[in-house]
Amino acid sequence: MNLLDKFSEFSAPHFEDIGFIAWTEKNFTVYDSGRWIKFSFYNHEPLREIYESWDHPHVTIQKSVQWGVTTCGIARSIYAGHKLGLSSVYFFPTNTHSEIFVSSKYNETINRSDYIKSLLSHTQANNRRLKIFKNFYIHFGGLESATNVRSITADISTIDELDEANQENAKKVEDRLSHSKFGWRWELSQPSLPMQGINLAFFKSDQRYWGCNCPSCNYTNFVDETFPECLIEVNQKVFYSCIKCRSELDLKKGVWIPKFPDRSKFHKGYLLSHLIFPLKQASKLKYEYENLATSIEKKRFWISVLAKPYADITQVPITNEILSKAEGNFNFDYYKHGTFFGMDQGDTCHLVFCYRDNGVLKLCALYKIEATKEEEILSIIGKHNVIAGLVDANPNKVLSKKIAKTFRQIKIQYFLGDSLKEGVEGEGVDAVSKVNVNRTESLDLTCEAIQKAIIQIPSMQLSMNKTVLDLYDECRLHLKNLTKELIETKKGFFVYEYLHKVENHFAMALNSARIAASGSQGIDLDSRFRGGSYY
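Residues numbered from 1 in each chain as written. Predicted model: local features only at pLDDT ≥ 70, side-chain atom pairs only at ≥ 80, totals over all residues. Heavy atoms only, no water.

Novice: Hey, could you run me through the pairing of strand β14 (residues 268–272) in this one?
Specialist: Consecutive side chains of a regular strand alternate in pointing toward one face of the sheet and then the other. Most of β14 is tucked away: five of the five residues are buried. In the sheet, strand β3 (residues 58–63) pairs with β14 via five bridges, with the strands oriented parallel. Paired with Val59 across the strands is Lys268, a residue of β14. (Buried < 20%, exposed > 50% of the residue type's maximum accessible area, 1.4 Å probe, protein only. Helix = DSSP H or I, 4+ residues; strand = E, 2+ residues; numbered from the N terminus. Pairing = 2+ DSSP bridges.)

Structure, rendered in C-alpha cells:
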C-alpha cells in the first residue's frame, strides 16, 4: 500500500474504483428545466467523449450557450482529487463570476450528494475561494488580477469563459502547473473574435467536429461546416441533410472526428454548437437564421448558437490577406542604421525598428527582451542609430526615462487625450521629452498604413533563421490581434475601441515607431544615408 492509499484510507472515504462517467452518474444531480435530476447523457450525447477525456493533458472546448460543460468541470475536479489526490484551480473572468459560480452551482452540487459532502474536511477552509477536502483542495478565483494567478499552485486548471477574461493573466495559468507531473488544463468558453481566446486555442488543437455518416451514401457530414446549406425543408419538414445526396441525417449517431489527429495526444479541441444539440429543433434554427436582421442579432447567433467567432472589417482590420499584401520584396536587416524605433514594455519589452524607403516605412528588426536587462536594451537601440523613437512611459517609468535620457531623440509616450500633444516631463538633467497619443486614432492610422502597404513587412518567401522567424510569426499574430470591441463611453456614446490586455505587443511597438516616423517627415534623410547606412 503506497502513501496515498494510506492517506485516503484514514483521512477520506474509500474510493470506489469505477470510471469517471459511472462515478458522475452515481453521485451527481443536475438542474434541468426547473428541477434537479440524476446526471445522464440524455439529449447530450456529444458530451460523452469529453467526459471520457477527463485525464487528457489539454482540452479546449469552444461552445455555444447552455451545454452543461461546467458540470463536467465540477465532477472532474472532485473525481481526480479523490482518485489521485490531485488539487485543482478553477478560474473565471473575475472574482465576482467565481463567487457566483461557487454559491449557485458548486455548493449546490456538493450539498446534494452525501458521498461528496463526506469528502470535505470539516476542520479547514470551505468557502467561495477555497474548498479543502480530506486529501485534496480546489481553488477558485478571477483572472482580473495577476496576483490571483501567482498565488496558486495546482495539478489541474480550468478556465471558464476564457474570452471574457484578461488574456495575459490567462496565459500565466499554465505556469501554476509547472511543478506538477500532471499539469492537466482545460479551457472552455463561447468564442468572441477570430483567433482570440478560445478560438485561438481551438485552432491550435486537433479541432474535433461532430461527424455524421449519411445512411444512404455513407458520406461523412459535418453540419457545423455545411450550415446553412445542410438545413433543408421537404414537405413542410425541416431537417439536416447530407450535403452530397440530401438524405436525412441522424445526428444522434455522430462521432467526434479530429481534423489534425497528429495533435490529439497533446491537445484535444471540441466545437459544441446548438446544431448538434438534439433539444434545438431544426425548424426553429432555420427560422431564426433566416430572420436575422441586424449585426447584433447576427453576432449573437454566430457566437451563442453556432459557437463561432464573429467579426467584420470594422472589428478586425488586419487579416492574413492584408498582411500578405503588405509584404515587400525585402528581408529583415539587423544591421540597419538610421531607423525609427518603438517599444512596448511590461515584464517583457517588445522592440521594433523600421526605416523609410521612398515614402514607405519598412520593418527591419524585432527584439523581445526582459525589462530587467536595461543595458542590453540600450545597446540594441544604439546599434540601430535611431533617428526618432517612442517608448511606453509605463509601467516601468525608470526604464523608459533612462532610454529617453540616453537617447534624446526618443520620447516617452502616454495614451492620453484626443490628439497628439508633445511636451517635457521633469526638470534639469531629469527632463525628458514626452508625447500624449490617442490610442484608438493612432492604431487606426497604423492599420490603415498596413492596409495600404505604406507600412511594409518582410516577405515570408525569403529565408530567415528560426529565431527571427519565431519573432516574425509572433509579430504577425500581434498585428492580427489589433481587434476592436463596441463600448459605451461615460457620456453614453457607443464607439469601437481596440481591445486591451491582449497579446498585441509588437503591434503596439510598431504603432509607436510609425508615430515617431511621422513626426520626422521634415528630415531630409537621403543626405544622411550612404550605401544604405546612416551617418
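Novice: I would appreciate a short explanation of the nonpolar core in the present structure.
Specialist: The nonpolar side chains of a soluble globular protein tend to be buried with one another. Among the nonpolar cores identified, the biggest contains 67 residues, and Leu351, Phe353, Leu366, Ile381 and Ile403 are the most heavily contacted of them. A per-element tally of this core places helix α18 (residues 505–518) first, with nine residues. In contact with Ile403, not counting residues within four places along its chain, are Met343, Ile377, Leu378, Ile381, Val391 and Ile410. Counting 63 residues, the second largest nonpolar core, distinct from the first, contains Trp67, Val223, Cys230 and Phe277. (Core = buried A, V, L, I, M, F, W, Y, C linked by side-chain atoms within 4.5 Å. Contact = heavy atoms within 4.5 Å.)

Novice: Explanation requested: the side chain of His58 in the structure shown.
Specialist: Within the secondary structure, His58 sits in strand β3. Within polar-contact distance, the side chain of His58 engages the side chain of Arg185 at 3.5 Å. In contact with His58, not counting residues within four places along its chain, are Arg185, Glu187, Phe266, His267 and Lys268. (Polar contact = N/O pair within 3.5 Å; in protein donor to acceptor, adjacent residues only side chain to side chain.)

Novice: How should the side chain of Glu161 be read in this particular structure?
Specialist: Mapped onto the secondary structure, Glu161 falls in the loop between β7 (156–160) and α8 (167–172). Beyond its immediate sequence surroundings of up to four residues, Glu161 is in contact with Lys63, Pro93, Leu188, Ser189 and Gln190.

Novice: When you look at the environment of Val495 in this model, what are you seeing that I'm missing?
Specialist: Mapped onto the elements of the fold, Val495 is located in strand β24 (residues 494–498). On the basis of relative accessible area, Val495 is assigned to the partly exposed category, the value being 33%. In this structure, the C-alpha to C-alpha distance between Val495 and Lys484, residues 11 residues apart in sequence, is 9.5 Å.

Novice: Even after reading the chapter, I still don't get the pattern of salt bridges, so can you show me in this structure?
Specialist: Applying the stated criterion to the full structure yields 27 salt bridges. With its nearest N and O atoms 3.6 Å apart, the salt bridge here joins Lys117 to Asp114. Residue Lys117 and its partner Asp114 are located together in helix α6 (residues 114–117), separated by three residues, close to a single helical turn. With a relative accessible area of 31%, Lys117 lands in the partly exposed category. For the salt bridge of Glu448 with Lys452, the shortest nitrogen-to-oxygen distance reads 2.8 Å. Among the charged side chains, a network of salt bridges with common partners joins Glu49, Asp206 and Arg208. (Salt bridge = Lys/Arg side-chain N within 4 Å of Asp/Glu carboxyl O.)

Novice: How do you make sense of the sheet that holds strand β19 (residues 410–414) when you look at a structure like this?
Specialist: Strands in a sheet are paired, the pairing made by backbone hydrogen bonds, and the direction either parallel or antiparallel. Reading across from one edge, β20-β21-β19-β18-β15-β16-β17-β22 is the order of the eight strands in this open sheet, with mixed pairing throughout. The sheet terminates laterally at β20 (421–425) and β22 (455–456), the two strands that pair on one side only. Taken together, the 10 bridges between strand β16 (residues 348–357) and strand β17 (residues 360–370) define a ladder with antiparallel strand orientation. From the neighbouring strand, Leu351 faces β17, where its bridge partner is Tyr367. Against the sheet, helix α15 (residues 397–406) engages β15 (339–344), β16, β18 (386–392), β19, β20 and β21 (432–436), with an angle of about 150° to β19. (Axes fitted to C-alpha atoms, helices over the stretch in contact; angles between N-to-C directions.)

Novice: Sorry, what's going on with helix α14 (residues 374–383) here?
Specialist: Buried within α14 are the following residues: Ile377, Leu378, Ile380 and Ile381. Looking straight down α14, one finds its buried side chains confined to an arc of 160°; they lie on one side. Along its buried surface, α14 packs onto β15, β16, β17, β18, α15 and β19. Looking one or two residues beyond α14, the residue adopting positive phi is Asn385, at roughly 45°. (Arc of directions from axis to C-beta.)

Novice: Whenever I open this one, helix α4 (residues 69–84) confuses me. Can you help?
Specialist: An α-helical turn contains 3.6 residues, so any two residues separated by three or four positions project in the same direction. An ideal rise of 1.5 Å per residue puts 22 Å on 16 residues; α4 measures up with 22 Å between its terminal C-alpha atoms. For α4, a buried count of 14 out of 16 residues is recorded, marking the element as mostly surrounded by other parts of the structure. Where α4 terminates, the next one or two residues include Gly85, which has phi positive at roughly 75°. (Expected span 1.5 Å × (residues − 1).)

Novice: How should I be thinking about the environment of Pro46 in this particular structure?
Specialist: Relative to the helices and strands, Pro46 is located in the loop between β2 (35–38) and α3 (47–52). For Pro46, a relative accessible area of 2% puts it in the buried group. In sequence terms Pro46 and Gly254 are 208 residues apart; their C-alpha atoms lie 8.0 Å from each other. If near-sequence neighbours (up to four positions away) are discounted, Pro46 is found in contact with Trp67, Trp210, Trp256, Leu272 and Ile276.

Novice: How should the pairing of β2 be read in this particular structure?
Specialist: Alignment of strand β1 (residues 29–32) against β2, held across four bridges, turns out to be antiparallel. Within β2, the residue paired with Val30 across the bridge is Ile37. Count of turn residues in the β1/β2 antiparallel hairpin: two residues, of which Ser33 carries a positive phi of about 55°.

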